[in-house]
There are 2 protein chains.
Amino acid sequence: MHVSEIVQDLRAASGPTIVLLVLDGLGDVPTRAHGGKTPLEAAQTPNLDALAPDSSLGRLIPVAPGITPGSGPGHLGLFGYDPLEVQVGRGVIEALGLDLDVNPNMLCARANYATLDAKGVVTDRRAGRIPDEANAERCELLRAIGPIDGVNVHVTPGKSHRFVVRFEGDGLRGASVSDSDPGREGAQVREVVALTDDGASHRAAKIVNAFWREAQETLSGHEPANGVLMRGVGGLPEIPSFSRRFGLTAAAVASYPMYRGLAQLVGMTKIPTADGPEAEFTKWREVRSGYDFGFVHVKATDMHGEDGNFEGKAAAIEAVDRALPILLDTEPFVLAITGDHSTPVSYEAHGWQPVPLLVHARRAGCDGIARFTERNSVSGLIGTMPSHAMMPVLLAAAGRLAKFGA
Amino acid sequence: MHVSEIVQDLRAASGPTIVLLVLDGLGDVPTRAHGGKTPLEAAQTPNLDALAPDSSLGRLIPVAPGITPGSGPGHLGLFGYDPLEVQVGRGVIEALGLDLDVNPNMLCARANYATLDAKGVVTDRRAGRIPDEANAERCELLRAIGPIDGVNVHVTPGKSHRFVVRFEGDGLRGASVSDSDPGREGAQVREVVALTDDGASHRAAKIVNAFWREAQETLSGHEPANGVLMRGVGGLPEIPSFSRRFGLTAAAVASYPMYRGLAQLVGMTKIPTADGPEAEFTKWREVRSGYDFGFVHVKATDMHGEDGNFEGKAAAIEAVDRALPILLDTEPFVLAITGDHSTPVSYEAHGWQPVPLLVHARRAGCDGIARFTERNSVSGLIGTMPSHAMMPVLLAAAGRLAKFGA
């Protein structure tokens, strides 16, 4: 029997409130360059320091040892879904990042404007990174395409050469098709093909190719962006909602659309907010009465990690620490603080490393560990576990999970 | 989706060099008899002590808690193959230990000379442990057997009553047959039977039994070794090569044939060498330019563990420590030091216990832990994980693994 089935059977329909505070990319790697410390170790965090000894610590492995997660797998894990089982295509992630609605009748594609020669060979996969305005003009032209065999086509410009195409209609659910992007320059652009032998995939391949051929015709003569590459075509994963699996009515407070969008994938209510921990924590305080689960997302930690900015990442953690009393003031029965993955400053990119986890709740006990850091979390009583194992631990801390077996 | 598939999708085709130094049977159990210390704790290891604080530590579980591995599962785990999924028969292991080539068209059997009475009842399963010369004489007689239905038979003497039979021909791949060894004295020797209902297993049973009947006839009158027991019949596991799975071109530097052989199973190039860390590290330094992965094997730690020789095991670790500068001089981008399993001195045998792991690499960070020991490794930031999860961690430390998901 799978643990997720057991949880779904045992979870209560109501109970005290859980707040999950995610500092994006929180985890880091100590290096000699910064005195053998991580940004979390170096940051001045009086409020976290007051909380830590009275909490239980642990560590979360987002996917598996050595596997570096994108934001999708990172958050799905925190939301209690095994990212090895539930995969979300790049098209959907890109659509969520543009704050677009994605419904179960949609397939989303991440598309690039590209430069093709007369024979259809890709000479620039990013069309010279055309400016946003040139992108928007071309997307306006492509909006004339469709419906195709009853499928509506929604085209939305992104940054530079990137845009998103959402195909909306019947008979597309669960479709799996290849990319039209050959993945390198000097290769022929190609049609997508069904990756599974079923009606949805064959229908999807037909629709995507019809759009793509018409788009190529429309863009003919519009060098340098005279071609389109379609990638990561896919729809919503077919999974039980967060509400059904865990019995929680959840709000996602995040300033960046992608993170609200990832939360909406599992059925959370999106709550837009101004950026920064103070604004975000205040927003949760305002909206919280309608929910018994709050996912609150802070982006700055990850951004500074990606920039290789040690002081910036430490300062972002300090800003969270300063705003923390706002969250504590709401007196959540369970407060969990962690990250969706590590973004080591020394990598200037995501890393695979386990992320520290702090759970503050009467039922979680007090490990008595002085500070919440990567190193100290190794000794925490919660232990090291996959990210997707956290949700049952938080339900248990809330007293919302019944006993298994007699 | 399985982690190994993800790794195979995400791994780079080239990149910096990884060296895996395996101290066979490294892990141990602290006991009162030796002042509560393990040999690794008791050893004087100035070079390891200099490396440790600047490395990341962790622990590897070879198979599963409580499960004591043989050398085959121990090494397959380190090479990134789950030993619960990839099993190698005793016949193959025995053949590798005799430095024999094993190819995919072969089935190998570990065979014993035994004493049978007139009714075919086994009266001594080891034929009085006949001397090596008597073994070799009888193997010479058995070499006259075959080919059998197009299958060539290769007979090679081992130590005492042990020998190896390799059956080489078409139609044997994936065959699974039982043992002819009844497993106890006083029981009737028996023919092998197919364990799966397919062509390969039925063909293998026919060929093995034909060999075995002819061997019994040949040995008739050659008491005490007048019978043959066939055990552990099997071929190479059908697995993606190390090169395909991890994108690495690997050399196996080992003085003992079995360990080179285990590495060759997954496609590494065998590099014979004189015994001892100095000779082995020097050999790697000589050959390394053709490879981006070096597996270097040290045997003495295990041997002294098997002998219950605490001082000997500590001295073997000290010898590795003295030779370590030779390895460090090659400046591997990633250096991992661990064991294939524990061989606790107090057991005089292999044990199941997790094995300490040290990963030294710029991207691995510095945990700041003073010494590399079993106990200290518990606090390492890598954490405790299955041995077969180590390879992705080393690839990540080498920057040879792309991000999973968007």
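Summary of the structure given here. Treat the numbers as computed from the prediction; the structure is a model and nothing was measured. (Residues numbered from 1 in each chain as written. Chains lettered and ligands numbered in written order. Predicted model: local features only at pLDDT ≥ 70, side-chain atom pairs only at ≥ 80, totals over all residues. Heavy atoms only, no water.)

## Here we look at the overall build of chain A
So, step 1. Along its length, chain A carries 14 helices and 13 strands.
So, step 2. Computed over the C-alpha atoms, the radius of gyration of chain A is 23 Å, within 12% of the 22 Å expected from 2.2 N^0.38 for a compact globule of 406 residues.
So, step 3. In terms of overall dimensions, chain A has C-alpha extents of about 70 × 55 × 40 Å along its principal axes.
So, step 4. Considering chain A as a whole, with its 406 residues, one finds that 57% of them fall into the buried category.
So, step 5. Across chain A, contacts joining residues at least 24 apart in sequence account for 73% of those joining residues at least 6 apart.
So, step 6. Of the roughly 15,300 Å² of accessible surface on chain A, 49% is carried by carbon and sulfur atoms.
So, step 7. Averaging the positions of the 38 positive and the 48 negative side-chain charges in chain A gives two centres separated by 2 Å. (Helix = DSSP H or I, 4+ residues; strand = E, 2+ residues; numbered from the N terminus. Rg over C-alpha atoms; globule rule 2.2 N^0.38 Å. Buried < 20%, exposed > 50% of the residue type's maximum accessible area, 1.4 Å probe, protein only. Contact = heavy atoms within 4.5 Å. Areas by Shrake-Rupley, 256 points an atom, 1.4 Å probe, with all protein chains shown as cover. Lys, Arg positive; Asp, Glu negative; His and termini not counted. Charge placed at Lys NZ, Arg CZ, Asp CG, Glu CD.)

## Side note on the nonpolar core
So, step 1. Phe79, Phe242, Met268, Phe293, Phe295 and Val359 of chain B are the most contacted members of the largest nonpolar core, which has 60 residues in total.
So, step 2. Ranked by residue count, the leading element in this core is helix α14 (residues 390-397) of chain B, at seven residues.
So, step 3. Among residues more than four places away in sequence, those in contact with Met268 of chain B are Phe79, Phe242, Ala250, Ala251, Ala252, Ala263, Phe293 and Phe295 of chain B.
So, step 4. Within the second largest apolar cluster, 47 residues are counted, among which are Leu60, Ile93, Val266 and Met268 of chain A. (Core = buried A, V, L, I, M, F, W, Y, C linked by side-chain atoms within 4.5 Å.)

## Examining the relation of the copies chain A and chain B
So, step 1. Turning chain A through 124° and shifting it by 0.0 Å along the axis lays it on chain B, with an RMSD of 0.1 Å. Those values place the two copies in the arrangement expected of a three-fold rotation axis. Closest approach to the rotation axis among the C-alpha atoms of chain A is made by Ser379 of chain A, whose C-alpha sits 4.0 Å away.
So, step 2. A different interface surface on each copy is seen, since only 3% of the contact residues of chain A are contact residues in chain B too. (Least-squares fit on C-alpha atoms with pLDDT ≥ 70 in both.)

## Re the pairing of strand β5 (residues 152-157) of chain A
Residue and element names in this part refer to chain A.
So, step 1. The sheet contact formed by β5 and strand β6 (residues 162-168) spans six bridges and is antiparallel. By the bridge assignment, Val155 is partnered in β6 with Val165.
So, step 2. Here β5 folds back onto β6 in antiparallel fashion, the turn holding four residues, of which Ser160 has a positive phi close to 55°. (Pairing = 2+ DSSP bridges.)

## Overview of the interface of chain A and chain B
So, step 1. On the chain B side, the residues contacting the 30 residues of chain A number 28 residues.
So, step 2. Across the chain A to chain B interface the summed buried area is about 2,300 Å²; carbon plus sulfur atoms make up 63%.
So, step 3. When the buried area of chain A at its contact with chain B is split by residue, Ile67, Leu84 and Tyr347 of chain A rank highest and sum to 21% of it.
So, step 4. Inspection of the chain A/chain B interface yields one salt bridge.
So, step 5. Linking Arg32 of chain A and Asp54 of chain B is a salt bridge whose minimum nitrogen-to-oxygen distance equals 2.9 Å.
So, step 6. Seen at the junction of chain A and chain B, the total is ten residue pairs in polar contact (both at pLDDT 80 or more).
So, step 7. At the level of elements, α4 (71-78), α5 (90-97) and α13 (374-377) of chain A are the ones that each hand at least two residues to the side of chain A that touches chain B. (Buried area = accessible area lost by both parts, 1.4 Å probe. Salt bridge = Lys/Arg side-chain N within 4 Å of Asp/Glu carboxyl O. Polar contact = N/O pair within 3.5 Å; in protein donor to acceptor, adjacent residues only side chain to side chain.)

## Quick look at the side chain of Gln353 of chain B
All names here are of chain B.
So, step 1. You can see Gln353 is positioned in the loop between β11 (334-338) and β12 (355-360).
So, step 2. By relative accessible area, Gln353 is classed as buried at 12%.
So, step 3. Here Tyr347 takes part through its side chain, which lies 2.9 Å from a polar atom of the side chain of Gln353.
So, step 4. Contact partners of Gln353, with chain neighbours within four places excluded, come to Val29, Pro62, Ser342, Pro344 and Tyr347.

## Some thoughts on the state of the cysteines
By definition, a disulfide links the sulfur atoms of two cysteine residues through a covalent bond.
So, step 1. Overall, the coordinates contain zero disulfides over all chains when judged by the stated rule.
So, step 2. Left unpaired, Cys108 of chain B is separated from the closest cysteine sulfur, that of Cys139 of chain B, by 14 Å. (Disulfide = S-S within 2.5 Å.)

## As for the sheet that holds strand β2 (residues 56-61) of chain A
Sheet strands pair via backbone hydrogen bonds, and the direction of the pair is either parallel or antiparallel.
Residue and element names in this part refer to chain A.
So, step 1. Here we have eight strands laid out as an open sheet, ordered β9-β8-β10-β1-β11-β12-β2-β13, and mixed in their pairing. Whereas interior strands pair on both sides, the edge strands pair on one side only; in this sheet they are β9 (269-272) and β13 (383-386). Neighbouring strand axes in the sheet, compared pairwise and without regard to direction, differ in orientation by 20° on average.
So, step 2. Where strand β1 (residues 18-23) meets strand β11 (residues 334-338), five bridges bridge the pair, whose relative direction is parallel. Of the residues in β11, the one forming a bridge with Ile18 is Val334.
So, step 3. In the packing of helix α10 (residues 277-287) onto the sheet, the strands contacted are β1, β8 (250-254), β9 and β10 (293-298), and the crossing angle to β10 comes to about 165°. (Axes fitted to C-alpha atoms, helices over the stretch in contact; angles between N-to-C directions.)

Function cannot be read off these values alone, since they describe shape.
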